[in-house]
Amino acid sequence: MTTTTPTAPPQPTPAGNPKSASSAAAGALSNRWASAVALVIALLWTVPTAGLLISSFRPEGEVKSNGWWNVFTDPSFTLDNYRDVLSGGSSGLMTNLVNSIVISVPAVLIPISLATMAAYAFAWMDFKGRDTLFVAVFALQIVPIQVTLVPLLTLYVDPPFNLIPLAGTDAPGGGFYTIWLSHSIFALPLAIFLLHNFMHEIPGELIESARVDGAGHVQIFTRVMLPLMMPAIAAFGIFQFLWVWNDLLVALVFSSPQAAPMTVKLVSLVGERGQDWQLLASGAFVSLIIPLIVFLALQRYFVRGLLAGSVKG
């Protein structure tokens with residue numbers, strides 16, 4: 001006599017695991033219709049830029065007589081437009097190009113240097129009134145820049161305590177101090193807030209182990225925090241550089257004529273030589289070269305900086 005062991009009834013298989021929100025969003029953004037919309041947006045963005053680039057290389061007569069698309073049937077190019085823009089008398093932009101570099105580099109380094117130290121203090125130092133002060137710094141982001149222009153300019157022209165005026169015809173440093181300070185003041189609230197958020201995501205075990213080894217705040221900041229924060233610092237540095245480089249409002253208000261950046265000069269070209277489209281086109285692309293180089297050179301740090309807030313367990 002043989003016995004058979006009863007087998008358990010088969011379990012119903014699940015219909016499928018539900019997709020997460022991130023997977024659903026990724027699928028929606030990568031389907032055929034989303035790709036078609038992205039392609040249309042790319043074309044709408046690229047065609048005017050390509051037309052401006054082509055116009056910057058076309059002779060003056062052809063720029064004024066027909067559209068840039070005629071270059072495909074009757075090609076004609078010249079470098080005279082860039083030559084005139086860079087060294088051509090009143091329309092030359094070389095001095096303003098140097099001014100933009102001189103303005104942008106300190107206007108990026110100053111707020112980053114101050115913001116990293118302030119972010120470390122808010123994230124990892126315990127002092128009285130820390131949370132209140134951080135909320136006050138965060139609230140400064142909602143103050144419109146336009147509200148601060150007149151008080152700042154008054155402070156630069158007539159500073160208290162008999163200090164040296166930073167604005168005017170006899171301003172020290174050629175008038176660059178006012179625009180450096182202004183850009184730094186406007187950038188600090190956002191820089192402190194962003195860098196604090198990145199720095200606060202760093203595991204506390206690293207800080208505790210450094211303290212156990214006898215490291216103080218200076219050693220922790222320089223040897224632990226800064227290397228980990230470099231992607232985030234580089235990402236904000238790119239944003240700040242592009243903001244300062246393309247700024248017009250702050251430059252018009254605070255820069256002296258000898259310290260005017262390229263944006264101010266391009267506006268004067270529009271006003272004084274608005275009929276010379278070939279010069280405006282070439283001047284626009286001259287102002288585009290350095291930001292493009294900076295972005296391409298630091299692109300990997302920019303991408304890492306966007307992901308710097310995520311910490312693996």
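For the structure, check the block above.
Reading guide: rules and limits
- Residues numbered from 1 in each chain as written.
- Predicted model: local features only at pLDDT ≥ 70, side-chain atom pairs only at ≥ 80, totals over all residues.
- Heavy atoms only, no water.
- Salt bridge = Lys/Arg side-chain N within 4 Å of Asp/Glu carboxyl O.
- Buried < 20%, exposed > 50% of the residue type's maximum accessible area, 1.4 Å probe, protein only.
- Helix = DSSP H or I, 4+ residues; strand = E, 2+ residues; numbered from the N terminus.
- Axes fitted to C-alpha atoms, helices over the stretch in contact; angles between N-to-C directions.
- Parallel < 35°, antiparallel > 145°, perpendicular 65-115°, else oblique.
- Left-handed = near helix turned anticlockwise from the far one by under 90°.
- Contact = heavy atoms within 4.5 Å.
- Nonpolar A, V, L, I, M, F, W, Y, C, P; charged D, E, K, R; others polar.
- Patch = residues over 30% accessible without salt bridge, like charges linked within 9 Å, V, L, I, M, F, W, Y side chains within 5 Å.
- Areas by Shrake-Rupley, 256 points an atom, 1.4 Å probe, with all protein chains shown as cover.
- Arc of directions from axis to C-beta.
- Phe/Tyr/Trp six-rings, centres within 6.5 Å; stacked < 30°, edge-to-face > 60°.

Participant: Before we move on, can you summarise the pattern of salt bridges with the specific residues and values?
Facilitator: Two side chains that carry opposite charge are able to pair once their charged atoms sit near each other. On inspection of all chains with the given rule, the structure shows four salt bridges. With a shortest N-O distance of 3.3 Å, Arg 58 and Glu 62 are connected by a salt bridge. The buried category is assigned to Arg 58, whose relative accessible area is 2%. Taking the relative accessible area as the measure of exposure, Glu 62 reaches 19% and is therefore buried. A salt bridge links Glu 208 to Arg 211, with the shortest nitrogen-to-oxygen separation between them at 3.5 Å. In this pair, Glu 208 and Arg 211 both sit in helix H9 (residues 204-212), three residues apart, roughly one turn of the helix.

Participant: Account for the packing of helix H2 (residues 32-56) against helix H13 (residues 277-297), with residues named and values stated.
Facilitator: Each pair of packed helices gets described by two things: the angle between the helix axes and the distance between those axes. Close contact between H2 and H13 brings their axes to 8 Å; oriented N to C, the two are set at 115 degrees. With respect to their mutual orientation, H2 and H13 come out roughly perpendicular. For the crossing formed where H2 meets H13, the hand is left-handed. Here Thr 49, Leu 52, Leu 53, Ser 55 and Ser 56 of H2 lie close against H13, whose contacting residues are Gln 278, Ala 281, Ser 282, Ala 284 and Phe 285. Looking at side-chain class alone, the contact of H2 with H13 contains five nonpolar, five polar and no charged residues.

Participant: Account for unusual backbone geometry, naming residues and giving values.
Facilitator: In the Ramachandran plot, Phe 161 falls in the positive-phi region, its phi being about 60 degrees despite a non-glycine side chain. Relative to the helices and strands, Phe 161 is located in the loop between helix H7 (145-157) and helix H8 (176-200). The exposure class assigned to Phe 161 is exposed, which follows from its relative accessible area of 77%. Positive phi, close to 55 degrees, is recorded for Asn 162, a residue that is not glycine. Tracing the chain through its elements places Asn 162 in the loop between H7 and H8. On the basis of relative accessible area, Asn 162 is assigned to the exposed category, the value being 81%.

Participant: For the packing of H8 against helix H10 (residues 217-245), give the residues involved together with the corresponding values.
Facilitator: Axis separation between H8 and H10 bottoms out at 11 Å; the angle between their running directions is 145 degrees. Here H8 and H10 pass one another in a crossing that is right-handed. Here His 183, Ala 187, Leu 190, Ala 191, Leu 194, Leu 195, Phe 198 and Met 199 of H8 come into contact with H10, specifically with Met 225, Met 229, Ala 232, Ile 233, Phe 236, Gln 240, Trp 243 and Val 244. A breakdown of the residues in the contact of H8 with H10 according to their chemical character gives 14 nonpolar, two polar and no charged.

Participant: An account of the environment of Ala 187 is requested, with residue identities and associated values reported.
Facilitator: Its place among the elements puts Ala 187 in helix H8. It is 9.7 Å that separates the C-alpha atoms of Ala 187 and Val 244, two residues lying 57 residues apart in sequence. Not counting chain neighbours up to four residues away, the residues in contact with Ala 187 comprise Pro 111, Phe 236 and Gln 240.

Participant: How would you summarise a nonpolar patch on the surface if you had to cite specific residues and measurements?
Facilitator: Where nonpolar side chains cluster on the molecular surface, the patch consists of Leu 140, Ile 142, Val 143 and Val 147 and spans about 390 Å² of accessible area. By the element assignment, Val 143 lies in the loop between helix H6 (130-139) and H7. Overall, the relative accessible area of 37% leaves Val 143 in the partly exposed class.

Participant: Go over helix H4 (residues 80-87) with me, naming the residues and quoting the values.
Facilitator: When we look at burial in H4, the residues that qualify are Asn 81, Tyr 82 and Val 85. Projected onto a plane normal to the axis of H4, the buried residues spread over an arc of 95 degrees and lie on a single side. Contacts from the buried residues of H4 go to H2, helix H5 (94-124) and H13.

Participant: So what's going on with the packing of aromatic side chains? Residues and values would help.
Facilitator: Scanning the model with the defined rule gives twelve aromatic pairs in all. Ring centres 5.6 Å apart and planes at 80 degrees place the aromatic pair Tyr 177 and Trp 180 in the edge-to-face group. In this pair, Tyr 177 and Trp 180 are both assigned in helix H8, three residues apart and thus about one turn of the helix distant. The exposure class assigned to Tyr 177 is partly exposed, which follows from its relative accessible area of 37%. Arranged with centres 5.7 Å apart and planes meeting at 25 degrees, the rings of Phe 241 and Trp 245 form a pair that is stacked. With Phe 241 and Trp 245 both in helix H10 and four residues apart, this pair spans about one turn of that helix.

Nothing here speaks to function; it is all geometry.
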